[in-house]
Amino acid sequence: DQAGFCLLPTGRKTWAERGASQVTVHGHEEKRQMTMVVASSCNGDMLPFQTVWGGSTSESLPSPLAEKWEEAQALGFKHTHGDTRHWSSRDSTKEVSNSESPTAA
């Protein structure tokens with residue numbers, strides 16, 4: 001089973017003075033999501049996490065300039081595009097399985 005999670009979770013409530021006619025709400029239209037695949041091998045070893053993103057360009061994947069990027073790479077995290085959204089598919093799993101795995105430092 002798969003479920004995407006929002007990168008910037010927002011609630012459905014906000015704070016404002018009682019009776020205010022204008023209430024500013026930020027982020028309620030935010031819909032960017034990704035799916036993280038957590039898996040283990042048949043012998044029980046945990047496999048590196050795979051993140052699956054919507055979009056089709058490198059701009060929709062995590063940036064190498066992101067905080068903790070080097071740590072994620074050292075742990076073998078893989079980032080790929082989903083089929084038409086951010087869902088893991090047979091193709092995205094094969095893509096990650098066939099890519100070269102970085103070695104931990």
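What you see is a predicted model; the values in this text were computed from it and never measured.

**A short note on the overall build of the protein**
Phase 1 of the analysis: Counting secondary structure elements, the protein contains two helices and four strands.
Phase 2 of the analysis: Reading the protein from its N terminus to its C terminus gives the helix and strand order β-β-β-α-β-α.
Phase 3 of the analysis: The buried share of the protein, taken over its 105 residues, is 18%.
Phase 4 of the analysis: Nonlocal contacts in the protein, meaning residues at least 24 apart in sequence, comprise 53% of its contacts between residues at least 6 apart.

**A look at the packing of aromatic side chains**
Phase 1 of the analysis: Scanning the model with the defined rule gives one aromatic pair in all.
Phase 2 of the analysis: Taking 5.2 Å as the distance between ring centres and 55° as the angle between the ring planes, the aromatic pair formed by Phe-49 and Phe-77 counts as tilted. Pair noted here: Phe-49 is in the loop between strand S2 (33-37) and strand S3 (50-53) and Phe-77 is in the loop between helix H1 (69-74) and strand S4 (78-81), with a separation of 28 residues, a long-range link.

**Here we look at unusual backbone geometry**
Phase 1 of the analysis: The backbone of Lys-68 sits at a positive phi, close to 75°, despite the residue not being glycine.
Phase 2 of the analysis: Assignment of secondary structure puts Lys-68 in the loop between S3 and H1.

**Considerations on the pairing of S4**
Phase 1 of the analysis: Pairing geometry for S3 and S4, over four bridges, is parallel. Counterpart to Val-52 in the pairing with S4 is Thr-80.

**Regarding the confidence of the model for the protein**
Phase 1 of the analysis: On average, residues of the protein carry a pLDDT of 77, and 70% of them reach 70 or more.
Phase 2 of the analysis: Predicted confidence is poor over residues 100-105, with pLDDT under 50, and the contacts of this stretch with residues over four places away or in other chains come to eight contacts.

**Considering the pattern of salt bridges**
Phase 1 of the analysis: Counted under the stated rule, the structure contains one salt bridge.
Phase 2 of the analysis: Residues Glu-71 and Lys-68 are paired through a salt bridge, measuring 3.6 Å at the closest nitrogen-oxygen approach.
Phase 3 of the analysis: According to the relative accessible area criterion, Lys-68 is exposed, its value standing at 56%.

**Re the environment of Pro-48**
Phase 1 of the analysis: Counting through the fold element by element, Pro-48 comes out in the loop between S2 and S3.
Phase 2 of the analysis: Sequence separation between Pro-48 and Val-37 is 11 residues; the distance between their C-alpha atoms is 8.8 Å.
Phase 3 of the analysis: Residues within four places of Pro-48 in sequence aside, it is in contact with Leu-75, Gly-76 and Phe-77.

Definitions and cut-offs
- Residues numbered from 1 in each chain as written.
- Predicted model: local features only at pLDDT ≥ 70, side-chain atom pairs only at ≥ 80, totals over all residues.
- Heavy atoms only, no water.
- Helix = DSSP H or I, 4+ residues; strand = E, 2+ residues; numbered from the N terminus.
- Buried < 20%, exposed > 50% of the residue type's maximum accessible area, 1.4 Å probe, protein only.
- Contact = heavy atoms within 4.5 Å.
- Phe/Tyr/Trp six-rings, centres within 6.5 Å; stacked < 30°, edge-to-face > 60°.
- Pairing = 2+ DSSP bridges.
- pLDDT = per-residue confidence, 0-100.
- Salt bridge = Lys/Arg side-chain N within 4 Å of Asp/Glu carboxyl O.

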